[in-house]
Amino acid sequence: MSNPVLELRGVAKTYNKGQVNAVQVLQSIDLTVEPGEAVALVAPSGAGKSTLLHIAGLLDVPDAGDVRICGVEMQGRSDRRRTAVRRQDVGFVYQFHHLLPEFTALENVTLPQLANGIGRAEAQARAADLLCRVGVEARADHRPAALSGGEQQRVAVCRALANEPKLLLADEPTGNLDPETSDHVFDALMELVRGSGLSAVIATHNMELAARMDRVLRMEKGVLIPA
């Protein structure tokens, strides 16, 4: 039996505001995501969902608890090891695309692969295939400024999946788009997730989008609750 792709056990995080006030953002979070499972995370702004995703993706360290990626415990691992796991096993999509403005769509999807040691020809071929699968192949040689918001976000999805991660983390990936474009981008995202067989945790305010996933969790006061 394969290991869960993501395990959080007793994860807690507190932020200090000034010298006196402390805000506990996450309270003993437990979460298991199985291979191929898509989990929706629904929470209002400020509820801690971004903090949870950052910890799950090894961008932040919890004050307490354990994080396991593909069965490997991350507590106590060096920054170099955490970076390697993040680069190889985790893909991120944010509300804003964060594409590199001086590079084309194809180059934005190729670059993460080059950084991971993939040869240029292979990286470009995979980038072109991903762009084709989300319907923006005709825009491959355009820089982000020449793309629409929906096209930019589709390219960002492709970039997140460029290194064939086992886990996709998405923080309001359609939150900056109009409803129709949001629906198209989400469809493209889920088609890639299902087609690749990877696991995903996707934060969204949109309950209609959340309902398309395998499981919906709600975050309230730093605690996860089944929706």
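Preceding this paragraph is the structure being described.
Quick look at the structure, then. (Residues numbered from 1 in each chain as written. Predicted model: local features only at pLDDT ≥ 70, side-chain atom pairs only at ≥ 80, totals over all residues. Heavy atoms only, no water.)

**Quick word on the pairing of strand 10 (residues 223–226)**
One face of the sheet, then the other: side chains in a regular strand alternate in exactly this way. Applied cut-off: Pairing between two strands is assigned when DSSP locates at least 2 bridges connecting them. Only DSSP runs of H or I reaching four residues or more are called helices, and only runs of E reaching two or more are called strands; each is numbered from the N terminus.
Direction of pairing for strand 9 (residues 215–220) relative to strand 10: antiparallel, over a ladder of four bridges. Among the inter-strand pairings, Leu 217 is bridged to a residue of strand 10, identified as Pro 226. The antiparallel pairing of strand 9 with strand 10 creates a hairpin that spans two residues between the two strands, and Lys 221 there sits at a positive phi of about 50 degrees.

**Topic: the packing of aromatic side chains**
The criterion, for reference: Here a pair means two rings of Phe, Tyr or Trp (six-membered ring of Trp) with centres within 6.5 Å. Their orientation is stacked below 30 degrees between planes, edge-to-face above 60, and tilted elsewhere.
Throughout the structure, instances matching the rule amount to one aromatic pair. With centroids separated by 6.0 Å and ring planes inclined at 5 degrees, the aromatic side chains of Phe 92 and Tyr 94 adopt a geometry described as stacked.

**Some thoughts on the environment of Leu 161**
Going by this rule: Any two residues having at least one pair of non-hydrogen atoms within 4.5 Å are treated as being in contact.
Relative to the helices and strands, Leu 161 is located in the loop between helix 5 (149–160) and strand 7 (167–171). Sequence separation between Leu 161 and Leu 224 is 63 residues; the distance between their C-alpha atoms is 26 Å. Among all residues touching Leu 161, those that are not within four sequence positions of it are Arg 126, Leu 130, Leu 168, Leu 192 and Leu 198.

**Considering the sheet that holds strand 3 (residues 38–42)**
Worth spelling out the cut-off: Helix axes use the C-alpha atoms of the stretch in contact, all axes being lines fitted to C-alpha atoms, and the angles between their N-to-C directions lie in the range 0 to 180 degrees.
Ordered in space as 6-7-8-3-9-10, the six strands form an open sheet in which the pairing is mixed. In the strand order of this sheet, the two ends are held by strand 6 (90–93) and strand 10, each with one partner. Neighbouring strand axes in the sheet, compared pairwise and without regard to direction, differ in orientation by 20 degrees on average. Lying over the sheet, helix 1 (residues 49–56) contacts strand 3, strand 6, strand 7, strand 8 (199–203), strand 9 and strand 10, oriented at roughly 155 degrees with respect to strand 7. Packing against the sheet, helix 5 makes contact with strand 6 and strand 7, and its axis sits at approximately 170 degrees to strand 6.

**Focus: the nonpolar core**
Considering soluble globular proteins, one finds that nonpolar side chains tend to be buried as a cluster. Selection criterion: Nonpolar cores are built from buried Ala, Val, Leu, Ile, Met, Phe, Trp, Tyr and Cys residues. Side-chain atoms within 4.5 Å join them into one set. For each residue, the accessible area found with a 1.4 Å probe, counting protein chains only, is set against the maximum for its type, and the residue is called buried under 20%, exposed over 50%, and partly exposed in between.
Val 109, Leu 131, Val 155, Leu 168, Ile 202 and Met 213 are the most contacted members of the largest nonpolar core, which totals 36 residues. Looking at this core, the elements with two or more residues in it are strand 3, helix 3 (105–115), helix 4 (120–133), helix 5, strand 7, helix 6 (179–196), strand 8 and helix 7 (207–210). Ranked by the residues each element gives to this core, the list is headed by helix 6, at six residues. Ignoring sequence-local partners within four residues, the contact set of Leu 168 consists of Gly 91, Phe 92, Val 93, Ala 160, Leu 161, Leu 189, Val 193, Leu 198, Ser 199, Ala 200 and Val 201. Judged by nonpolar contacts, the second largest core, of 31 residues, contains Val 67, Val 201, Ala 203 and Leu 224.

**Side note on the side chain of Asn 108**
Stated precisely, the cut-off is as follows: We define a polar contact as two N or O atoms separated by no more than 3.5 Å, with the added condition that, inside protein, one atom must be a possible hydrogen donor and the other a possible acceptor, whereas residues neighbouring each other in sequence contribute only through side-chain atom pairs.
Relative to the helices and strands, Asn 108 is located in helix 3. At 2.8 Å, the side chain of Asn 108 and the backbone nitrogen of Leu 100 are in polar contact.

**Examining helix 6**
Using the following cut-off: Here a helix's expected span is defined as the number of its residues, less one, multiplied by 1.5 Å.
Between its terminal C-alpha atoms helix 6 stretches 26 Å, which fits the 26 Å expected from 18 residues at 1.5 Å a residue. Within helix 6 the residues assigned to the buried category are Ser 182, Val 185, Phe 186, Ala 188, Leu 189, Met 190, Leu 192 and Val 193. Packing partners of the buried residues in helix 6 comprise strand 3, helix 4, helix 5, strand 7, strand 8 and helix 7. Two or three places before Glu 180, at the opening of helix 6, Asp 178 has a side-chain oxygen 3.1 Å from that residue's backbone nitrogen. Just downstream of helix 6, Gly 197 is the residue with a positive phi angle, here 70 degrees.

**Examining the pattern of salt bridges**
Worth spelling out the cut-off: By salt bridge we mean one thing: a side-chain nitrogen of Lys or Arg within 4 Å of a carboxyl oxygen of Asp or Glu.
Inspection of every chain in the model, using the stated rule, returns twelve salt bridges. Here Glu 7 and Arg 9 are joined by a salt bridge, their closest N and O atoms 3.8 Å apart. Ionic pairing is found between Arg 194 and Asp 214, a salt bridge with its closest N-O pair at 3.0 Å. Highlighted residues: Arg 194 in helix 6 and Asp 214 in the loop between helix 7 and strand 9, separated in sequence by 20 residues.

**Considerations on unusual backbone geometry**
Unlike most non-glycine residues, Cys 70 shows phi in positive territory, near 55 degrees. Mapping Cys 70 onto the fold places it in the loop between strand 4 (64–69) and strand 5 (72–73). Overall, the relative accessible area of 23% leaves Cys 70 in the partly exposed class. At Glu 164, a position not held by glycine, the phi torsion is positive, near 55 degrees. Inspection of the secondary structure puts Glu 164 in the loop between helix 5 and strand 7.

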